[in-house]
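# An overview of the molecular structure
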Amino acid sequence: RRCLCRGAPLVCARLAMALAMLFKLAVLLAAAPAASGNRALPLVKQREARYVGGYRGLPTLEVLRTSSPTEVVSFLAPWSGARDFGLFVQLASEGGREQRVAVVAISNGARVMIYDLRPFLRQEARPLTAALANFLGDEQRTFYGFGLLRPAAQFAKEFNVSMKSVDMRVRAWPGADLDGGVFRVAERLLGVSFPRRPSLRQLEGQAVAAHLQWAVARHCVEAYGAPEAAWRLTETEVPPARKYRAMRPRHIFDAAEEPIQKLAQLEQALRRRTMQRLANSWPGQEKRVRYPTARESRGRSTQQAAPRAGQ
């Protein structure tokens with residue numbers, strides 16, 4: 001009895017630890033996405049809302065970084081009447097693949113929205129909300145930035161979205177001093193000072209860069225006049241989105257649809273379209289491979305073994 005009484009607290013402690021581990025395992029299994037035939041996309045809910053300030057010559061910025069389609073719809077609603085925007089796009093690669101769109105930052109005034117696509121870099125089909133795709137592809141809106149040539153082509157290739165964009169590094173106001181990066185141009189034209197330039201890998205740097213694209217464009221419009229239509233990136237520089245429609249489906253999610261279910265449908269459509277394109281590449285000469293059955297394989301092996309036995 002004394003031994004049992006002395007060992008009872010130890011047994012109870014071990015049972016409590018085992019129950020705690022089982023509870024944690026149950027929580028993790030409940031939070032994991034349901035298994036399916038295709039590779040499931042983890043439901044990423046990245047959201048960060050904050051104010052960025054402290055730079056002389058810049059207002060305090062209201063920044064929202066999100067991967068939620070519904071938040072994108074609500075944040076873009078106040079910009080329904082705006083026409084000029086600053087655009088900052090960051091490309092990234094992961095797993096040895098080609099560079100793809102990772103971060104999309106849009107600014108008008110002191111509001112900045114950052115749509116984060118980095119959690120989906122390893123996925124073949126990636127979500128882009130229908131609201132954001134229609135917003136970027138609207139012909140009534142113009143997006144300004146430094147170095148938009150490659151991101152605009154990537155948007156057309158990856159999402160079939162053609163933007164009305166002006167790359168101020170390629171063609172812009174001839175009387176303005178637009179040489180250099182966006183931070184140097186902002187220091188010269190806007191009088192902004194950066195005691196320490198923010199990193200473009202972080203939310204603060206991405207928000208400031210997107211706002212400066214808009215601020216520089218607005219300054220040039222007020223000082224040198226409205227932009228000309230010839231400054232827009234042409235089809236020779238950025239292939240139109242319709243050239244990629246035969247190659248890739250439009251990877252756009254509706255705001256009311258579940259991302260994981262939609263991703264499975266898009267992966268199936270992409271696989272089906274790829275097989276159809278391969279079949280159409282040899283018209284009238286579809287390559288079909290017929291593998292022998294088990295009976296035919298046994299008969300062929302016996303036929304090959306008979307002459308050897310006679311020899």
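Now for a look at the structure at hand. (Residues numbered from 1 in each chain as written. Predicted model: local features only at pLDDT ≥ 70, side-chain atom pairs only at ≥ 80, totals over all residues. Heavy atoms only, no water.)

Moving on to the overall build of the protein. Along the protein, the regular secondary structure elements total eight helices and seven strands. Expressed as a percentage of the 311 residues in the protein, the buried residues total 38%. Relative to all contacts within the protein whose residues are 6 or more apart in sequence, the contacts with residues 24 or more apart total 66%. Accessible surface, the protein: about 18600 Å² in total, of which carbon and sulfur atoms supply 53%. (Helix = DSSP H or I, 4+ residues; strand = E, 2+ residues; numbered from the N terminus. Buried < 20%, exposed > 50% of the residue type's maximum accessible area, 1.4 Å probe, protein only. Contact = heavy atoms within 4.5 Å. Areas by Shrake-Rupley, 256 points an atom, 1.4 Å probe, with all protein chains shown as cover.)

Ring pairs (aromatic) are described by centroid distance and by the angle formed between their planes. Here the structure, examined in full by the defined rule, presents eleven aromatic pairs. Between Phe183 and Phe194, the ring centres sit 5.3 Å apart and the planes meet at 85°, which makes this aromatic pair edge-to-face. Taken as a pair, Phe183 in helix H5 (residues 182–189) and Phe194 in the loop between H5 and helix H6 (203–224) lie far apart in primary sequence, eleven residues in all. We classify Phe183 as buried; its relative accessible area is 10%. An aromatic cluster is defined as three or more aromatic residues linked by ring pairs; in this entry it consists of Phe75, Trp79, Phe85, Phe135 and Phe143. Sitting above the plane of the Phe75 ring, Arg111 keeps its charged end 4.0 Å from the centroid. (Phe/Tyr/Trp six-rings, centres within 6.5 Å; stacked < 30°, edge-to-face > 60°. Lys NZ or Arg CZ within 6 Å of the ring centre and 35° of its normal.)

The next thing to look at is the sheet that holds strand E5 (residues 111–116). If you walk across this open sheet you meet the seven strands as E1-E2-E5-E4-E3-E6-E7, and the pairing is mixed. Of all strands in the sheet, those bounded by a partner on one side alone are strand E1 (47–52) and strand E7 (165–167). Strand-to-strand twist across the sheet, computed as the mean angle between neighbouring axes with direction ignored, equals 25°. Where strand E6 (residues 142–145) lies against E7, three bridges are found, and the strand directions are parallel. In the sheet register, Phe143 faces E7, and the bridge partner there is Ser165. (Pairing = 2+ DSSP bridges. Axes fitted to C-alpha atoms, helices over the stretch in contact; angles between N-to-C directions.)

All buried positions along H5 are accounted for by Val182, Phe183, Val185 and Ala186. Seen along its axis, H5 keeps its buried residues to an arc of 165°; they face one direction. Each element contacted by the buried residues of H5 is listed here: H6. A positive phi of about 75° marks Gly191, the residue just after H5. (Arc of directions from axis to C-beta.)

The next thing to look at is unusual backbone geometry. Non-glycine residue Asn160 carries a positive phi angle of around 60°. Looking at the secondary structure, you find Asn160 in the loop between helix H4 (149–159) and E7. Overall, the relative accessible area of 5% leaves Asn160 in the buried class.

Here we come to the pattern of salt bridges. In the structure shown here, the tally under the stated rule is ten salt bridges. Note that Arg65 is salt-bridged to Glu48, the shortest N-O span being 2.6 Å. Placement of Arg65 in strand E2 (residues 61–66) and of Glu48 in strand E1 is noted, with a sequence separation of 17 residues between them. Under the relative-accessibility criterion, Arg65 is labelled buried at 16%. Judged by relative accessible area, Glu48 falls into the partly exposed class, the value being 27%. (Salt bridge = Lys/Arg side-chain N within 4 Å of Asp/Glu carboxyl O.)

Next up on the list: the environment of Gln90. Mapped onto the elements of the fold, Gln90 is located in strand E3 (residues 84–92). For Gln90, a relative accessible area of 19% gives the class buried. Gln90 sits 110 residues away from Leu200 along the chain, and the two C-alpha atoms are 8.5 Å apart. Apart from the residues within four sequence positions on either side, Gln90 is in contact with Arg100, Val101, Ala102, Val103, Leu200, Arg201 and Gln206. Among the polar contacts made by the side chain of Gln90, one reaches the main-chain carbonyl oxygen of Leu200 at a distance of 3.0 Å. (Polar contact = N/O pair within 3.5 Å; in protein donor to acceptor, adjacent residues only side chain to side chain.)

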